[in-house]
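Residue-level structural notes
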Amino acid sequence: MPVIEIEGLTKTYKSGLQALKRVDLSIAKGEIFALLGPNGAGKTTLISIVCGIVTPTTGTVTADGHDIQSDFRAARTKIGLVPQELTTDAFETVLATVTFSRGLFGKAPNPAFIEGVLKDLSLWDKRDAKIMTLSGGMKRRVMIAKALSHEPDILFLNEPTAGVDVELRRDMWAMVRKLRERGVTIILTTHYIEEAEEMADRVGVILKGELILVEEKTALMKKLGKKTLTLNLVEPLDAVPADLSDWDLTLKNEGGELEYSFDANAEDTGVPALIRRLEALNIGFKDLNTRQSSLEDIFVSLVHRNGAAA
Ligand SMILES: Nc1ncnc2c1ncn2[C@@H]1O[C@H](COP(=O)(O)OP(=O)(O)OP(=O)(O)O)[C@@H](O)[C@H]1O
């Protein structure tokens, strides 16, 4: 059963800018879904519509079966949103802010639950601190605590780790996993592909308002995955020799490294023949290694391909 169902969603802002072009997307309960896309692709617009902050031009969205427009309150109660920007009262304490946030959703007070949330986010010791006295990372944790205060089943994280340090990023990832274990569905947008690679069950790529791809992360990496063979040459080369034009080669590191990108799933990868040819040409190498292309490589090539096509 999908927990979020998006059908025929479009958004044209008053300026005439079409931020979303017919998005259809269904997200299953308990899934971690990563929405990737460059700046201005429409990620925030999409999230804002689902959270009822922006009105769609056409299309429907349901959250846990509730239409986000006709049944707004019920839909909104199911959702927690951690926005990109910090929006919170600087003069309030951590505990008051998070407690108040729960109240906004009409939920009965539950101090024990709030205590648990603050402890999970290592905020309990700071509960009496005013927000303005906290570090940027701590403020971000407060935003997450606020979003979780009313026990949502669906959590939107808009660029959760933009500009945070490595430690906080790891903490966030751990927290996201913990939430998922409890059955919370998580939709995150990110610029850090590493983050999607680490966390997501499924990945959606949005470009210029279009959801150009939605796929299981592992399948995506397998399907589009390439491997790169790097050879550390004995003598640097000025250019890739014409005799090697059958292979997709690039020189790196001032000609000291030869890189060969190939389809790891292919019957004939071209690797053995390349090695033989190098030997015949007397191009020696000291060392070699191969690596699987990352989600980042895949993403960059997708953006490149679509950008070039447009
Ligand atoms: N209120 C608005 N009025 C007019 N245009 C808007 C408005 N909000 C966003 N846009 C435009 O819609 C497009 C999509 O913006 P959106 O914020 O959804 O992208 P994004 O993928 O979240 O980007 P980022 O990663 O930079 O936040 C952009 O071209 C943006 O300038």
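Residues numbered from 1 in each chain as written. Predicted model: local features only at pLDDT ≥ 70, side-chain atom pairs only at ≥ 80, totals over all residues.

In this section: the overall build of the protein. Helix and strand counts for the protein stand at 10 helices and 14 strands. With the C-alpha coordinates aligned to their principal axes, the bounding extent of the protein is approximately 80 × 45 × 35 Å. A total of 310 residues make up the protein; the buried ones form 33% of that total. For the protein, contacts bridging at least 24 residues in sequence account for 70% of all contacts bridging at least 6. (Helix = DSSP H or I, 4+ residues; strand = E, 2+ residues; numbered from the N terminus. Buried ≥ 20, exposed ≤ 12 C-beta atoms within 10 Å, placed from the backbone. Contact = placed C-beta atoms within 7 Å.)

With respect to spatial proximity, the complete set of residues near the ligand consists of Tyr13, Ser15, Leu17, Ala19, Gly37, Asn39, Gly40, Ala41, Gly42, Lys43, Thr44 and Thr45. Broken down by element, the residue count for the shell around the ligand peaks at three residues, all from helix α1 (residues 43-50). Grouping the amino acids of the shell around the ligand by side-chain chemistry returns four nonpolar, seven polar and one charged. (Near = placed C-beta within 6 Å. Nonpolar A, V, L, I, M, F, W, Y, C, P; charged D, E, K, R; others polar.)

Turning our eyes to something else, we now look at the sheet that holds strand β8 (residues 185-190). Here six strands make up an open sheet; going across it, the order is β6-β7-β8-β3-β9-β10 and the pairing mixed. Strand pairing shows two members of the sheet lacking a second neighbour, β6 (79-82) and β10 (210-216), which therefore form its edges. On average, each strand axis in the sheet is tilted by 15° relative to the strand beside it, whichever way the strands run. Where strand β3 (residues 32-36) and strand β9 (residues 202-207) come together, four bridges link them in parallel fashion. Opposite Ala34, over in β9, you have Val203 as the bridge partner. Taken strand by strand, helix α5 (residues 136-148) contacts β6 and β7 (154-158), and its axis lies near 170° from that of β6. Along the sheet face, helix α6 (residues 166-181) touches β3, β7 and β8 and points at about 155° away from the line of β8. (Pairing = 2+ DSSP bridges. Axes fitted to C-alpha atoms, helices over the stretch in contact; angles between N-to-C directions.)

Within the sequence span of helix α3 (residues 94-104), burial applies to Val94, Thr97, Val98, Thr99, Ser101 and Arg102. Those residues of α3 hidden inside the fold are in contact with α4 (111-120) and α5. Phi for Gly106, located one or two positions after α3, is positive at around 70°.

With that settled, consider unusual backbone geometry. Here the phi dihedral of Arg22 falls at roughly 45°; this positive angle occurs in a residue that is not glycine. Within the secondary structure, Arg22 sits in strand β2 (residues 18-28). In this model, Asn282 sits at a positive phi of 65°, which is unusual for a non-glycine residue.

Turning our attention to the nonpolar core. Counting 63 residues, the largest nonpolar core has Ala34, Val50, Ala145, Phe156 and Ile186 as its most contacted members. Look past the residues within four positions of Val50 in its chain and what remains in contact with it is Ile4, Val61, Ala63 and Ile68. (Core = buried A, V, L, I, M, F, W, Y, C linked by C-beta atoms within 7 Å.)

Before going further, it helps to spend a moment on α5. Along its 13 residues, α5 runs 19 Å from first to last C-alpha, staying within 8% of the 18 Å computed at 1.5 Å per residue. Among all positions in α5, only Arg140, Arg141, Val142, Met143, Ile144, Ala145, Lys146, Ala147 and Leu148 are buried. Looking at the buried positions of α5, the neighbouring elements they touch are β6, α3, α4 and β7. (Expected span 1.5 Å × (residues − 1).)

For the rest of this paragraph, the subject is the domain arrangement of the protein. Looking at the protein, the domain boundaries give domain 1 (2-222) and domain 2 (226-292). Here domain 1 and domain 2 have C-alpha centroids that lie 44 Å from each other. (Domains from an automatic or database assignment.)

Another point: the packing of α3 against α4. Two measures define how a pair of helices packs: the angle their axes make with one another and the distance between the axes. Where α3 contacts α4, the axes come no closer than 11 Å and their chain directions differ by 125°. Relative to α4, the element α3 lies oblique. Classified by chirality, the crossing of α4 by α3 is right-handed. For the pair α3 and α4, the contacting residues are Val94, Val98, Thr99 and Arg102 in the first and Ile114, Val117 and Leu118 in the second. (Parallel < 35°, antiparallel > 145°, perpendicular 65-115°, else oblique. Left-handed = near helix turned anticlockwise from the far one by under 90°.)

A few words now on the pairing of β9. The element β9 is largely enclosed, with a buried count of six among its six residues. What you see with β9 is no split at all: Arg202, Gly204 and Ile206 on one side and Val203, Val205 and Leu207 on the other are buried throughout. With six bridges joining them, β9 and β10 adopt antiparallel strand pairing. The residue of β10 that forms the bridge with Val203 is Glu215. Between the end of β9 and the start of β10, which pair antiparallel, lie two residues, with Lys208 showing a positive phi angle near 45°.

Checked against the element boundaries, Ile47 lands in helix α1. On the basis of neighbour counts, which here come to 23 C-beta atoms within 10 Å, the residue Ile47 falls in the buried class. C-alpha separation for the pair Ile47 and Ile187, spaced 140 residues apart in sequence, amounts to 8.9 Å. The residues contacting Ile47, other than those within four sequence positions of it, are Phe156, Asn158 and Thr189.

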